[in-house]
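# Tertiary structure, described
The residues making up each chain are set out below.
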Amino acid sequence: MDFKVGAIDAVTIQTPTVPFNSPCSTLGRHLARRLVQIGVTDVFSVPGDFNLTLLDHLVSEPELNLVGCCNELNAGYAADGYARARGVGACAVTFTVGGLSVLNAIAGAYSENLPLICIVGGPNSNDYGTNRILHHTIGLQDFSQELRCFQTVTCYQAVVNNLEDAHELIDTAISTALKESKPVYISIGCNLPGIPHPTFSREPVPFALSPRLSNMMGLEAAVEAAPEFLNKAVKPVLVGGPKMRVAKACDAFVELSDACGYAVAVMPSAKGLVPEHHSHFIGTYWGAVSTAFCAEIVESADAYLFAGPIFNDYSSVGYSLLLKKEKAIIVQPDRVTIGNGPAFGCVLMRDFLAALAKRLKHNPTAYENYHRIYVPEGHPLKCEPKEALRVNVLFQQIQNMLSGDSAVIAETGDSWFNCQKLKLPQGCGYEFQMQYGSIGWSVGATLGYAQAAPEKRVIACIGDGSFQVTAQDISTMLRCGQRTIIFLINNGGYTIEVEIHDGPYNVIKNWNYTGLVDAIHNGEGKCWTTKVRCEEELVEAIEAANGAKKDCLCFIEVIFHKDDTSKELLEWGSRVSAANSRPPNPL
């Protein structure tokens, strides 16, 4: 079954039955089979004494691969990346010391609407309610600290400390993750995974999740009102937002685009959700840092439909977008708002967009205006022989590397802006974490994405500051035999922070990054590293990565001047800085 991130409507995978009284009829094997059944074939884990028996049972499931990570944060980031490619991900850690370490990654997955199963090996079931003090806790007799932390970043929490209701709790947690497209938390008592129980004696009944349905009266009313709003506009446009993914509405958005002929843009965090080879695609709408000529067309439109937008301080460039509410139709996963009103609830985005496609007049005016003013972008200045490499030259070379067999992972920082300008070929994947923006996310996410989609050659663009947070799991990539290409952008600090507010804290200790990766490699697995300082060396490195070293993990450290950034970051940083430094409102 083809899984996509979002509310999965029906999971009906059949698997062989397990007879009564089988040694496989245990809680641990039930959980393992459930994970395989929903499409999870890799679980990212860190062992600890509370989860060791559970890990034994996950290892025993022949269709499940346990991927040991260097720390819990990276295990969570890897499950995040895996969910982006496969549709659902899972990680397994130990109680409290592991759970609180993975918490940041789970919060990021929650912000990005990713279904992720976070499994924690919990205390022995006999210890609940005894007023005992356990290790791996903060020394209180209350074991609920971890649970309370997870309640804010998961959509369901299951604490399994007896076998009678374990089946129901586990199944409810997993199905809720799929329906809500959010992370869930499952804590399993450390003494329970290996005990047979009658509720696990048969292969679990396949999930059959009821699809969400639109309120038909609301849908009809919305589809009556929206064409009246859009058909009277002279130069309307469409803008895709990140929530199209959770709404499973990407295909419906393209269908609408084909039907209406409007100019089509995406918000930055929706890059990769709309095919960039579409005939009316005009680029990324990101206010003052949009791709060339895109903002002018969007902001001068007399009507715009935003499908699944998130307007935060980052996506709005410090709240500086030149949009007017009365010109906008805002389509959220289950709600449509037209101008200043009316609003229609219980209307699914994909149903609305598909129905709207049949009602709009064809109007290519905005795209024709774009085509009229568009000037092909220039190329970076030609490098002199052995001249110090520039960032714009690097990304010109990365552009030439992309194909339908590629996927781009962009780390928080200047890579956001440089990767945003890449033109994605048909089938090329693209991921970054804009809402949460946790530096270091991309190392684990690259591990998880590559594990979930081995047919893709992942190209990760990671800044040196971010890499220092999570570098260890290069080790896990090597153990898994991955062939990712990592461009380590070494410019001596937290460049994105420099452009928002500079200070000595933004300068980091320089590492010999290739030397570090060589030490991690330690002769085990396929790994190739190189350090480049000029365009000639970069071209040679890319040729090697795509040629003789195509079966290796390729780590290319690229040295830049500390002030070499995209022009978009300079503009964006000054606007976000202004938003951050607004004085308090007067009382």
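Values in this document were obtained by computation on a predicted structure and should not be read as measured data.

## Details of the overall build of the protein chain
- Counting secondary structure elements, the protein chain contains 21 helices and 19 strands.
- The C-alpha radius of gyration of the protein chain comes to 25 Å, within 12% of the 25 Å expected for a compact globule of 587 residues.
- Oriented by its inertia axes, the alpha-carbon framework of the protein chain measures out at about 75 × 65 × 60 Å.
- Burial analysis of the protein chain (587 residues in total) assigns 57% to the buried set.
- Restricting the contact set of the protein chain to residue pairs at least 6 apart, pairs at least 24 apart contribute 76%.
- In the structure as shown, the protein chain presents an accessible area of about 23600 Å², 53% of it carried by carbon and sulfur atoms.
- Charge separation in the protein chain, taken as the distance between the mean sites of 46 positive and 60 negative side-chain charges, equals 4 Å.

## Quick look at the domain arrangement of the protein chain
- Splitting the protein chain by domain gives domain 1 (27–200), domain 2 (216–373) and domain 3 (391–573).
- Distance between the C-alpha centres of domain 1 and domain 2: 38 Å.

## So, helix 7 (residues 216–231)
- Over its 16 residues, helix 7 extends 22 Å from the first C-alpha to the last, a length consistent with the 22 Å expected when each residue adds 1.5 Å.
- Taken together, the buried positions of helix 7 are Gly218, Leu219, Ala222, Val223, Ala226, Pro227, Phe229 and Leu230. Projected down its long axis, helix 7 shows its buried positions confined to an angular sector of 155°, all on one face. Seen from the open side of helix 7, the exposed residues pointing more than 90 degrees away from its buried face are Met217 and Glu228.
- Tucked inside the fold, the buried residues of helix 7 contact strand 10 (304–307), strand 11 (328–332), strand 12 (335–338), strand 13 (343–345) and helix 11 (349–357).
- Among the residues of helix 7, the N-terminal cap falls to Asn215, whose side-chain oxygen and the backbone nitrogen of Met217 are separated by 3.0 Å.

## A word on the packing of helix 3 (residues 72–86) against helix 15 (residues 441–452)
- Running from amino to carboxyl end, helix 3 crosses helix 15 at an angle of 45°, the nearest separation of the two axes being 6 Å. With respect to helix 15, the element helix 3 is oriented oblique. Considering how the two elements wind past one another, helix 3 and helix 15 form a crossing that is right-handed. Between helix 3 and helix 15, the residues in contact are Asn74, Tyr77, Ala78, Asp80, Gly81, Tyr82, Arg84, Ala85 and Arg86 and Trp441, Gly444, Ala445, Leu447, Gly448, Tyr449, Gln451 and Ala452, respectively.

## Some remarks on the sheet that holds strand 8 (residues 263–266)
- Taking strand neighbours across the sheet as the criterion, the 7 strands line up as 9-8-7-10-11-12-13 in an open arrangement whose pairing is mixed. This sheet does not close on itself; its edge strands, each paired only once, are strand 9 (281–284) and strand 13. On average, each strand axis in the sheet is tilted by 15° relative to the strand beside it, whichever way the strands run.
- In the sheet, strand 7 (residues 237–240) pairs with strand 8 via 4 bridges, with the strands oriented parallel. By the bridge assignment for strand 8, Gly240 is matched with Val266.

## Looking at unusual backbone geometry
- Omega for the peptide link from Gly341 to Pro342 comes to 10°, which places this bond in the cis form.
- For Pro342, the location among the structural elements is in the loop between strand 12 and strand 13.
- With a phi angle near 55°, Ser181 is a residue other than glycine that sits in the positive phi range.
- Residue placement: Ser181 occurs in the loop between helix 6 (166–180) and strand 6 (184–189).
- Positive phi outside glycine occurs at Lys386, with the angle close to 65°.
- Counting through the fold element by element, Lys386 comes out in the loop between helix 12 (365–373) and helix 13 (391–401).

## Some thoughts on the environment of Gln397
- Mapped onto the secondary structure, Gln397 falls in helix 13.
- When the C-alpha atoms of Gln397 and Leu538 are compared, they prove to be 8.3 Å apart, with 141 residues separating the residues in sequence.
- Every residue in contact with Gln397, bar those within four places of it in the chain, is listed here: Glu535, Leu538, Val539 and Ile542.

## Examining the state of the cysteines
- Overall, the coordinates contain 0 disulfides when judged by the stated rule.
- Here Cys260 is not disulfide-linked; the sulfur of Cys294 is the nearest cysteine sulfur, at 15 Å.
- Overall, the relative accessible area of 0% leaves Cys260 in the buried class.
- The cysteine Cys461 is free of any disulfide, with Cys419 supplying the nearest cysteine sulfur at 3.9 Å.
- With a relative accessible area of 0%, Cys461 lands in the buried category.

## Considerations on the packing of aromatic side chains
- Under the criterion given, the structure shown has 20 aromatic pairs.
- Centroid distance Tyr314 to Trp416: 5.7 Å. Interplanar angle 75°. Geometry classified as edge-to-face. Separated by 102 residues along the polypeptide, Tyr314 in the loop between strand 10 and strand 11 and Trp416 in helix 14 (residues 414–420) bring together distant segments of the chain.
- Look at Tyr314 and you get partly exposed, because its relative accessible area is 24%.

## Here's the deal with the nonpolar core
- One finds Phe44, Ile106, Cys118, Phe150, Phe467 and Ile474 to be the most contacted residues of the largest nonpolar core, which totals 57 residues.
- The residues touching Ile106, leaving out its near neighbours within four places in the chain, are Cys91, Leu116, Cys118, Phe150, Val153, Thr154 and Pro183.
- Counting 45 residues, the second largest nonpolar core, distinct from the first, contains Val391, Cys419, Ile496 and Trp528.

## A look at the UniProt feature "binding site: Mg(2+)" (unreviewed entry) in the protein chain
- The UniProt record marks Asp464, Asn491 and Gly493 with the feature "binding site: Mg(2+)" (unreviewed entry), using the residue numbering of this structure. Spatial clustering of the annotated residues is evident: they stretch over 30 residues in sequence, but the largest pairwise C-alpha distance comes to 7.0 Å.
- Along the chain, the position of Gly493 falls in the loop between strand 17 (485–490) and helix 18 (495–500).
- Look at Gly493 and you get buried, because its relative accessible area is 11%.

## A closer look at the pairing of strand 19 (residues 553–559)
- Burial analysis of strand 19 places 6 of its 7 residues in the buried class, the great majority of the element.
- Relative to strand 19, strand 18 (residues 527–532) is paired through 6 bridges, and the arrangement is parallel. Residue pairing for strand 19: Cys527 is matched across the bridge by Leu553.
- At this point the chain moves from strand 18, through helix 20 (residues 535–546), to the parallel strand 19, and the crossover so formed is right-handed.

Thresholds, definitions, all that
- Numbering of residues starts from 1 in each chain and follows the order in which that chain's sequence is written.
- For a predicted model such as this one, the threshold for reporting local features is a pLDDT of at least 70, and the threshold for listing and counting side-chain atom pairs is 80 or more; totals across whole chains, interfaces and linings nevertheless cover every residue.
- Here the side-chain values reflect all heavy atoms present in the structure, with hydrogen atoms and water set aside.
- Runs of E in the DSSP output that reach at least two residues are strands. Runs of H or I that reach at least four are helices, and both are numbered from the N terminus.
- We compute the radius of gyration over the C-alpha atoms and compare it with the globule rule, which gives 2.2 Å times the number of residues raised to the power 0.38.
- Partly exposed residues are those whose accessible area sits between 20% and 50% of the maximum for their type, while under 20% is buried and over 50% is exposed, using a 1.4 Å probe and protein chains only.
- Only heavy atoms enter the contact rule, under which two residues are in contact if any of them lie within 4.5 Å.
- The protein chains shown are the only cover counted for residues, whose accessible areas, like all others here, come from Shrake-Rupley with a 1.4 Å probe.
- Positive charges come from Lys and Arg, negative ones from Asp and Glu, while His and the chain ends are left out of the count.
- Charge positions come from single atoms, namely NZ of Lys, CZ of Arg, CG of Asp or CD of Glu.
- Domain delimitation in this document rests on an assignment produced automatically or drawn from a domain database.
- Multiply 1.5 Å by the residue count of a helix minus one, and that product is the helix's expected span.
- Picture the helix axis, draw a direction to every C-beta atom, and the arc is the one those directions span.
- Polar contacts, as counted here, are pairs of nitrogen or oxygen atoms within 3.5 Å of one another; within protein the pair requires one atom able to donate a hydrogen and one able to accept it, and residues that are adjacent in sequence qualify only if both atoms are side-chain atoms.
- Axis lines are fitted through C-alpha atoms, for helices just across the contact stretch, and the angle between N-to-C directions can take any value from 0 to 180 degrees.
- Working definition: roughly parallel below 35 degrees, roughly antiparallel above 145 degrees, roughly perpendicular at 65 to 115 degrees, and oblique for all remaining angles.
- Helix crossings are classified by the rotation of the near helix relative to the far one: an anticlockwise turn of less than a right angle makes the crossing left-handed, while a clockwise turn makes it right-handed.
- A pair of strands is labelled paired if DSSP reports no fewer than 2 bridges between them.
- The criterion for a disulfide is a pair of cysteine sulfur atoms lying within 2.5 Å.
- Stacked, edge-to-face and tilted are the three classes for Phe, Tyr and Trp ring pairs, Trp counted by its six-membered ring, which pair at centre distances within 6.5 Å; planes under 30 degrees apart are stacked, over 60 edge-to-face, the rest tilted.
- Only buried residues count toward a nonpolar core, which is a set of Ala, Val, Leu, Ile, Met, Phe, Trp, Tyr and Cys residues joined through side-chain atoms within 4.5 Å.
- UniProt positions are given in the numbering used here, feature names are shortened, and annotations may be inferred rather than shown by experiment.
- If you view a crossover with the strands going away from you and the path from the first strand over the helix to the second runs clockwise, you call it right-handed.

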